[in-house]
Amino acid sequence: MEYQKNDIVTLEILDCGADGEGIGKADGFTVFVKDAVIGDMVKVKLMKVKKHYGYGKLLEVVKASSLRTEPKCPITRQCGGCQIQALSYPEQLRFKERKVRGNLERIGGFSDFVMEPILGMEEPYHYRNKAQFPVGKSRDGRIITGFYAGRTHTIIENRDCALGVPQNKEVLDRVIAYMEENHVEPYDETTGRGLVRHVLIRYGFASKELMVCIVVNGTKIPKEEKLVKSLRELSELRSLSINVNQKQTNVILGDELRVLWGQGYIEDSIGEVRFQISPLSFYQVNPLQTKRLYEKALEYANLTGKETVWDLYCGIGTISLFLAQRAKKVYGVEIIPQAIEDARKNARINRIKNVEFFVGKAEEVLPQEYEKNGVYADVIVVDPPRKGCDEKLLETILQMQPKRIVYVSCDSATLARDLRVLCNGGYELVKGCPVDMFGGTEHVETVALLVKKR
Ligand code: SAH
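Scoring rules and cut-offs
Residues numbered from 1 in each chain as written. Predicted model: local features only at pLDDT ≥ 70, side-chain atom pairs only at ≥ 80, totals over all residues. Heavy atoms only, no water. Helix = DSSP H or I, 4+ residues; strand = E, 2+ residues; numbered from the N terminus. Rg over C-alpha atoms; globule rule 2.2 N^0.38 Å. Buried < 20%, exposed > 50% of the residue type's maximum accessible area, 1.4 Å probe, protein only. Contact = heavy atoms within 4.5 Å. Areas by Shrake-Rupley, 256 points an atom, 1.4 Å probe, with all protein chains shown as cover. Core = buried A, V, L, I, M, F, W, Y, C linked by side-chain atoms within 4.5 Å. Axes fitted to C-alpha atoms, helices over the stretch in contact; angles between N-to-C directions. Parallel < 35°, antiparallel > 145°, perpendicular 65-115°, else oblique. Left-handed = near helix turned anticlockwise from the far one by under 90°. Nonpolar A, V, L, I, M, F, W, Y, C, P; charged D, E, K, R; others polar. Near = heavy atom within 4 Å. Polar contact = N/O pair within 3.5 Å; in protein donor to acceptor, adjacent residues only side chain to side chain. Pairing = 2+ DSSP bridges. Phe/Tyr/Trp six-rings, centres within 6.5 Å; stacked < 30°, edge-to-face > 60°.

Enquirer: Looking at this structure, how should I read the overall build of the protein chain?
Expert: Counting its regular elements, the protein chain contains nine helices and 22 strands. Its C-alpha radius of gyration of 24 Å places the protein chain within 12% of the 22 Å reference for a compact globule of 454 residues. A principal-axis box enclosing the C-alpha atoms of the protein chain has dimensions of 65 × 60 × 40 Å. For the protein chain, with 454 residues in total, the buried portion stands at 55%. In the protein chain, 64% of the contacts between residues at least 6 apart in sequence involve partners at least 24 apart. Total accessible area on the protein chain stands at roughly 21,200 Å², and carbon and sulfur atoms take up 48% of it.

Listed below in structure tokens is the structure:
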């Protein structure tokens, strides 16, 4: 049977794609259905029809799968943040394990390695310590904030995300009230006019310290003392700043930061290590699971106290400082200068002396240090962004021949690609362990251990 756009079909969901979408078949024709769950019988409207597959819009769950659960968030379908909140949490974990294993097998071509069971969370809601809310206007002209709908820049109104902390709403209520009372306009992406672009909120789970940063299309905000006064009523506030971003871009933060009140940073700790975090620095969003992730990385690094370790993509030095407690020397490399400032401060406040940090691209700093200064590594840890490691970096790692490589990854597809390069260059994938840092979403973190073949 030939299907056409706008046809309505009923089908059973048999599988789950990499983005968490349901996959079913109608007379052998594959249909991808966002928000449908394995085991659902669904009625869908075909929105796009290709030769061998199509995309269906979920109209009705005719019979709900036993793997379904009631999402905590009422707008999870419109919002682009969560893809699999309707899947029961144990099923989410199984989905993530399958995804990591599938990528390692298919993209990486690996078969002979140990997959440890995924490290899941106790409570898959309210785990995020950070949120960035875009500010805009509704059709009827109200100032609104929330999250972008999937693949668009339409703001779905929400001040109280189920993944975030309750403090988010208190902050947003005050920021919006300040904007309304003082006629401060939200930024408009299409015209490039207006002032307030995003509100960035970070909360230290261990320290109970709150940071607010307002991203503006300008260098100051009118009547700033009114905003300061209102937000200072929140007793946990430690830092209020504005970030200047006057470019017409999707990138949320600009380079310039001005503190309006308090410190330019908050503190938090993971395990025994304390950290200062500034608005521009990367800091893992799920502190409870981060501890488990770092412990796994430390276990895989297998340090005895004699090793020289390189921690590439080190952010504010979190993994470096964890490793330094058990290594002879740790070198960290990170591209954002503020993050390295934080990393150096963090070493100082923890009285950790056997670390040294470099600002720059990992794929430039490491080759330079290796070629010019002949640096050495027993263990190399990498924790790159989603796009994975640069080829030049992988090449240098292979030349340096560390005994072990610990790869921490937030995208198992690029992980599999990079591990294949390293394994073709003389390493063996020994084991991998997925860690769930992002409940409700399709995302999964993985730690992998590579050992040099004899
Ligand atoms: N290991 C840290 C940070 C991981 S996130 C932690 O666990 O907190 C990835 C980091 O890589 C970010 O801080 C980002 O700023 C940095 N980064 C991105 N591209 C880079 C590059 N080419 N070289 C070095 N660092 C880079």
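Enquirer: Please explain the nonpolar core as it appears in this structure.
Expert: As a rule of thumb, nonpolar side chains are buried together in soluble globular proteins. Ranked by internal contacts, the top residues of the largest apolar core, which has 123 residues, are Ile214, Trp310, Leu312 and Val406. With residues near it in sequence (within four places) discarded, leucine 312 still touches Val333, Ala362, Leu366, Ile380, Val381, Val382, Asp383, Leu393 and Ile397.

Enquirer: Any chance you could explain the packing of helix α1 (residues 89–106) against helix α9 (residues 412–424) here in plain terms?
Expert: Geometrically, a packed helix pair is captured by the angle between its two axes and the distance between the axes. Two elements in contact, α1 and α9, have axes whose closest approach is 8 Å; the angle formed by their N-to-C orientations is 30°. Here α1 is positioned roughly parallel relative to α9, judged by the angle of their axes. Crossing handedness for the pair α1 and α9: right-handed. Of α9, the residues touching α1 (which contributes Lys99, Val100, Asn103 and Leu104) are Ser412, Ala413, Leu415, Ala416 and Leu419. When grouped by side-chain class, the residues that make up the contact of α1 with α9 number six nonpolar, two polar and one charged.

Enquirer: Mind showing me how you'd approach the site of the ligand here?
Expert: Taken together, 17 residues are adjacent to the ligand, and Gln284, Tyr294, Glu334, Ala362 and Asp383 come closest. One nitrogen or oxygen atom from the side chain of tyrosine 294 is found 2.6 Å from an oxygen atom belonging to the ligand. Here an oxygen atom of the ligand and a side-chain polar atom of threonine 318 are 3.1 Å apart. Protein chains shield 90% of the accessible area of the ligand, which is 570 Å² for the free molecule. For the shell around the ligand, the secondary structure elements donating two or more residues are α5 (318–324) and α7 (362–373). Classifying every residue of the shell around the ligand gives nine nonpolar, four polar and four charged.

Enquirer: Could you clarify how one ought to interpret the sheet that holds strand β9 (residues 155–157) in this entry?
Expert: In sheet architecture, strand pairing relies on hydrogen bonds along the backbone and comes in two forms, parallel and antiparallel. If you trace the seven strands from one edge of the open sheet to the other, you get β9-β8-β7-β10-β11-β12-β13, paired in mixed fashion. Each edge of the open sheet is held by one strand with a lone partner, namely β9 and β13 (256–262). Ignoring which end each strand starts from, the neighbouring axes of this sheet average 35° apart. The pairing of strand β11 (residues 210–216) with strand β12 (residues 237–244) spans seven bridges and is classified as parallel. Note that in β12 the partner of valine 212 across the bridge is leucine 240. Sitting on the sheet, helix α2 (residues 167–181) is in contact with β7 (130–137), β8 (143–148), β10 (196–203) and β11, with an inclination near 150° to β10. Here helix α3 (residues 224–232) sits on the sheet and contacts β11, β12 and β13; the angle it forms with β13, its principal contact strand, is near 60°.

Enquirer: For this particular structure, what's the right way to read the packing of aromatic side chains?
Expert: The geometry of two aromatic rings is summed up by the distance between their centres and the angle between their planes. Across all of its chains, the model carries eleven aromatic pairs by this definition. Their ring planes at 35° and their centres at 5.4 Å tell us that tyrosine 3 and phenylalanine 29 sit as a pair that is tilted. Remark: phenylalanine 29 occurs in strand β3 (residues 29–33) and tyrosine 3 occurs in the segment before β1 (8–16); sequence separation between them is 26 residues. Across this residue pair, the class does not change: tyrosine 3 and phenylalanine 29 are buried. Ring geometry for tyrosine 294 against phenylalanine 322: centres 5.4 Å apart, planes inclined by 65°, an arrangement best described as edge-to-face. Highlighted residues: tyrosine 294 in helix α4 (residues 287–301) and phenylalanine 322 in helix α5, separated in sequence by 28 residues.

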